[in-house]
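# Chain and residue survey
Residue-level listing of the chains:
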Amino acid sequence: MYYETIKQLIRLAGRQKKPIGEIVLAIEAEQENESPSTIRGQMVISWEVMKQALDRGVTDNIRSVSGLSGGDAKLFFARTPKFLNPDVGKAVARALGVAEVNAAMGKIVACPTAGSCGIVPAALLFAKERLQIDEETIITALFTAAGIGIVCSMNASISGAEGGCQAECGVAAAMAAGALTELSGGSATMVGHAVALTLINMLGLVCDPVAGLVEVPCILRNAGALMQAFLAADLALTGIKSRIPVDEVIGAMREVGQALPESLRETALGGLANTPTGRRLRRKLT
Amino acid sequence: MGKADSVFEIIGPIMIGPSSSHTAAAVRIGQISLAILGEPVNEAIIQFHGSYALTGKGHGSDKAIVAGLLGFDAADERIKDSLAIAKQQNMKLDFQKVDLGDDYHPNTVRLLIAGVSGMHFEITAISVGGGNISIVEFNGLPIQLSGEYHTLITIHSDRPGIVAKATSIISQHKVNISTMNLSRQRRGGLAAMAIEMDQPLPPEAIKELEEKAQIVRIIPPIY
């Protein structure tokens, strides 16, 4: 078995009547010449690290090395938001929290990158708590997310330096949306639409880190990306379809990434990094 | 970063933040340098070039390299305290920002390290994305190694025979070569070779090679 498109993953899942996560796991085991339970065990370790970071992010008093970030997640977690559903508010706080832990030299799991490490864990913890999903199924959903990430890396990019923030937080959001859709009983086709609908809303997002650090705006974008994932999963579960097929959307992300000027691809030369305040912070911190 | 072919390249590595290229990779550069030295580090001059010089401090690249030199891995919570730990162990450290010129990768670090027995090397490494690194120079000679394999490094005089000797020893021990590269200063001058292998080379093989080369280092794969 083999895949390099979402369409192929959907077809394999349909043919074997299994979740996409099971397909991705089986293929990984085959490739690595390991048993599926060994591969699953490795993912359990990653999930444990994710849970620790999710917890730390909203309970510890976090401060980054530069002093640019920390504390927002804990503050937001403690408040009842005015507009968001309270559970969604908690999840957003957790996404911020994991990203703050990362900025403060804490332990995280890159997902797909360190800069976008808060989105998938926060989404899955929300699913576990809100939808009462057992750990075993959460681990399978991590494979669903990983399969989506693999396809994006093969056909576009998961590096901000290559494709802008859409490639990091955008892909993370697509991974989260696909996993949430599958966890909520959505079909493999719906998972594909969730991925497409997420990426459509993340397309073009630039990578413009202030002072070159993984803090501003990266931490905030973990929160925004998670909101896009929730939206896309809900839309897809309602039966709403992307008018552009998912693999074509991923192709568009590649094209948009290549068209981005270098100043907006992690060089810290454009966008927010190049605002008067961004430049001042750079001079102060480097 | 290239195409991922494992789920753990997408969900992973487990690492200390904030940056796979500037923190996790920097730890790895330190770890591999320590493995090349083969004994505890007594003194290190750490030169940051390009993006490492510009954003290294905020990414904790200094702490990360030193953590690697202390033998910590990229997921070790002690990374953020590594400078204090190094001080306790009397490791002498000097951090410098340098401009190595445009020929060098934007994420380059050069290490001049000396061990407790006085052995010393100069190692230049680059961070190539996703926490992966490449050692690109050893004592000023171009080499190419990733640290993901059992690796043999030699510095020897550019004379006929050393490559044949090395490969014959490797094949005698039924070890498979995965990559191999060779460079020299000038004809008849000093030359460097790096051979990445799928299996380890036994210690007796190293002795045989030491008769032919000035410097022989063997390092295990570092994950």
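## Describing the overall build of chain A
For chain A, the helix and strand inventory stands at 13 helices and 1 strand. Counting from the amino terminus, chain A carries its helices and strands in the arrangement α-α-α-α-α-β-α-α-α-α-α-α-α-α. Against the 2.2 N^0.38 benchmark of 19 Å for 286 residues, chain A shows a C-alpha radius of gyration of 18 Å, consistent with a compact globule. With the principal axes as the frame, chain A shows a C-alpha extent of 55 × 40 × 40 Å.

## Details of the overall build of chain B
Across its full length, chain B carries 7 helices and 11 strands. The 223 residues of chain B split such that 56% are buried. A fraction of 67% describes how many contacts in chain B between residues 6 or more apart in sequence connect residues 24 or more apart. Within the structure as shown, chain B displays about 9500 Å² of accessible surface, and the carbon and sulfur contribution to it stands at 51%. Taking the average place of the 19 positive charges on the side chains of chain B and the average place of its 23 negative ones, the gap between the two points comes to 4 Å.

## Focus: the environment of Thr80 of chain A
With respect to the element layout, Thr80 of chain A can be found in the loop between α4 (72–78) and α5 (86–103). Sequence separation between Thr80 of chain A and Lys90 of chain A is 10 residues, and the spatial gap between their C-alpha atoms is 8.6 Å.

## Observations regarding the domain arrangement of chain B
How big an interface is tends to be stated in terms of accessible area lost as the parts join. All names here are of chain B. We note that the domain assignment places domain 1 (11–138) and domain 2 (149–223) within chain B. Each partner contributes to the interface: domain 1 provides 10 residues, whereas domain 2 provides 9 residues. Taken over both partners, the interface formed by domain 1 and domain 2 buries close to 820 Å², and the fraction arising from carbon and sulfur atoms is 69%. A per-residue breakdown of the area domain 1 buries against domain 2 is headed by Ala35, Ile36 and Phe138, which together make up 54% of the total. Across the domain 1-domain 2 interface, the total number found is 0 salt bridges. Ranked by residues supplied to the side of domain 1 that touches domain 2, first place goes to helix α2 (residues 20–37) with 6 residues. Each residue belonging to the side of domain 1 that touches domain 2 can be placed in one class, and the counts come to 7 nonpolar, 2 polar and 1 charged.

## Observations regarding a negative patch on the surface
A cluster of acidic side chains, namely Glu32 and Glu34 of chain A together with Asp5 and Glu9 of chain B, defines a negative patch on the protein surface. Under the relative-accessibility criterion, Glu34 of chain A is labelled partly exposed at 42%.

## Digging into the sheet that holds strand β11 (residues 215–219) of chain B
All names here are of chain B. Ordered in space as β9-β10-β8-β11, the 4 strands form an open sheet in which the pairing is antiparallel. Both outer strands of the open sheet, β9 (177–184) and β11, are each paired with one neighbouring strand and no more. Direction aside, neighbouring strands of the sheet carry axes that sit 10° apart on average. Both β9 and strand β10 (residues 190–197) contribute to a ladder of 7 bridges, which runs antiparallel.

## A closer look at the environment of Thr113 of chain A
All names here are of chain A. In this structure, Thr113 sits in the loop between β1 (107–109) and α6 (119–130). Accessibility expressed as a relative area gives 6% for Thr113, which makes it buried. Measuring from C-alpha to C-alpha, the distance between Thr113 and Lys74 comes to 23 Å, with 39 residues separating the pair along the chain.

## Some details on the packing of helix α10 (residues 188–202) of chain A against helix α12 (residues 246–259) of chain A
Residue and element names in this part refer to chain A. Where α10 contacts α12, the axes come no closer than 9 Å and their chain directions differ by 30°. In terms of orientation, α10 and α12 fall into the roughly parallel class. Where α10 crosses over α12, the handedness of that crossing is left-handed. Residues Gly192, Val195, Ala196, Leu199 and Ile200 of α10 touch α12, and the partners they reach there are Val246, Val249, Ile250 and Met253. Taken together, the residues of the contact of α10 with α12 break down into 8 nonpolar, 1 polar and no charged.

## Brief notes about the interface of chain A and chain B
With 43 residues of chain A in contact, the opposing surface of chain B contributes 32 residues. Inspection of the chain A/chain B interface yields 0 salt bridges. At the boundary of chain A and chain B, one finds 9 residue pairs in polar contact (both at pLDDT 80 or more). Listed by contribution, the elements that provide at least two residues to the side of chain A that touches chain B are α2 (20–32), α3 (36–59), α5, β1 and α7 (135–155) of chain A.

## Quick look at the packing of aromatic side chains
Summed over the entire model, instances satisfying the criterion amount to 4 aromatic pairs over all chains. Aromatic pair Phe121 of chain B and Phe138 of chain B: ring centres 5.1 Å apart, planes at 40°, arrangement tilted. With Phe121 of chain B in strand β5 (residues 120–129) and Phe138 of chain B in strand β6 (residues 132–138), this residue pair connects regions lying 17 residues apart in the sequence. Of the two residues examined, Phe121 of chain B and Phe138 of chain B, each falls in the buried class. Three or more aromatic residues joined by ring pairs form one cluster here, namely Phe48, Tyr52 and Phe95 of chain B. The ring of Phe77 of chain A has Lys90 of chain A sitting right over it, with the charged end atom 5.0 Å from the ring centre.

## Some details on the pattern of salt bridges
All names here are of chain A. By the definition in use, this model includes 14 salt bridges over all chains. Notably, a salt bridge pairs Glu135 with Lys51, separated by 3.1 Å at the nearest N-O pair. A residue pair is termed long-range when its members are at least 10 positions apart, and Glu135 in helix α7 and Lys51 in helix α3 qualify at 84 residues. Relative accessible area serves as the criterion here: at 27%, Glu135 is assigned to the partly exposed category.

## What about the sheet that holds strand β4 (residues 107–115) of chain B?
Note: strands within a sheet are paired through backbone hydrogen bonds, in either parallel or antiparallel orientation. Residues and elements named next belong to chain B. With respect to topology, 6 strands assemble into an open sheet ordered β3-β2-β4-β5-β6-β7, the strand pairing being mixed. The open sheet is flanked by β3 (92–98) and β7 (141–145), the only strands paired with a single partner. Between one strand and the next, the sheet's axes are offset by a mean angle of 25°, whatever the strand orientation. As defined by bridge partners, strand β2 (residues 41–50) adjoins β3 across 7 bridges and the pair is classed as parallel. Opposite Ile46, over in β3, you have Phe95 as the bridge partner. Running at roughly 30° to β4, α2 makes contact with β2, β4, β5, β6 and β7 of the sheet. Packing against the sheet, helix α4 (residues 61–69) makes contact with β2, β3 and β4, and its axis sits at approximately 145° to β2.

## A look at α5 of chain A
The α-helix advances 3.6 residues per turn, and as a result positions three or four apart in sequence lie on the same side. Residues and elements named next belong to chain A. The terminal C-alpha atoms of α5 lie 26 Å apart, and with 18 residues this matches the ideal 26 Å at 1.5 Å per residue to within 8%. Burial analysis of α5 places 15 of its 18 residues in the buried class, which makes it a mostly covered element. One side-chain oxygen of the residue at the start of α5 lies 2.7 Å from the amide nitrogen of Asp87, identifying that residue as Asn85. Looking one or two residues beyond α5, the residue adopting positive phi is Met105, at roughly 60°.

Conventions we followed
- Residues numbered from 1 in each chain as written.
- Chains lettered and ligands numbered in written order.
- Predicted model: local features only at pLDDT ≥ 70, side-chain atom pairs only at ≥ 80, totals over all residues.
- Heavy atoms only, no water.
- Helix = DSSP H or I, 4+ residues; strand = E, 2+ residues; numbered from the N terminus.
- Rg over C-alpha atoms; globule rule 2.2 N^0.38 Å.
- Buried < 20%, exposed > 50% of the residue type's maximum accessible area, 1.4 Å probe, protein only.
- Contact = heavy atoms within 4.5 Å.
- Areas by Shrake-Rupley, 256 points an atom, 1.4 Å probe, with all protein chains shown as cover.
- Lys, Arg positive; Asp, Glu negative; His and termini not counted.
- Charge placed at Lys NZ, Arg CZ, Asp CG, Glu CD.
- Domains from an automatic or database assignment.
- Buried area = accessible area lost by both parts, 1.4 Å probe.
- Salt bridge = Lys/Arg side-chain N within 4 Å of Asp/Glu carboxyl O.
- Nonpolar A, V, L, I, M, F, W, Y, C, P; charged D, E, K, R; others polar.
- Patch = residues over 30% accessible without salt bridge, like charges linked within 9 Å, V, L, I, M, F, W, Y side chains within 5 Å.
- Pairing = 2+ DSSP bridges.
- Axes fitted to C-alpha atoms, helices over the stretch in contact; angles between N-to-C directions.
- Parallel < 35°, antiparallel > 145°, perpendicular 65-115°, else oblique.
- Left-handed = near helix turned anticlockwise from the far one by under 90°.
- Polar contact = N/O pair within 3.5 Å; in protein donor to acceptor, adjacent residues only side chain to side chain.
- Phe/Tyr/Trp six-rings, centres within 6.5 Å; stacked < 30°, edge-to-face > 60°.
- Lys NZ or Arg CZ within 6 Å of the ring centre and 35° of its normal.
- Expected span 1.5 Å × (residues − 1).

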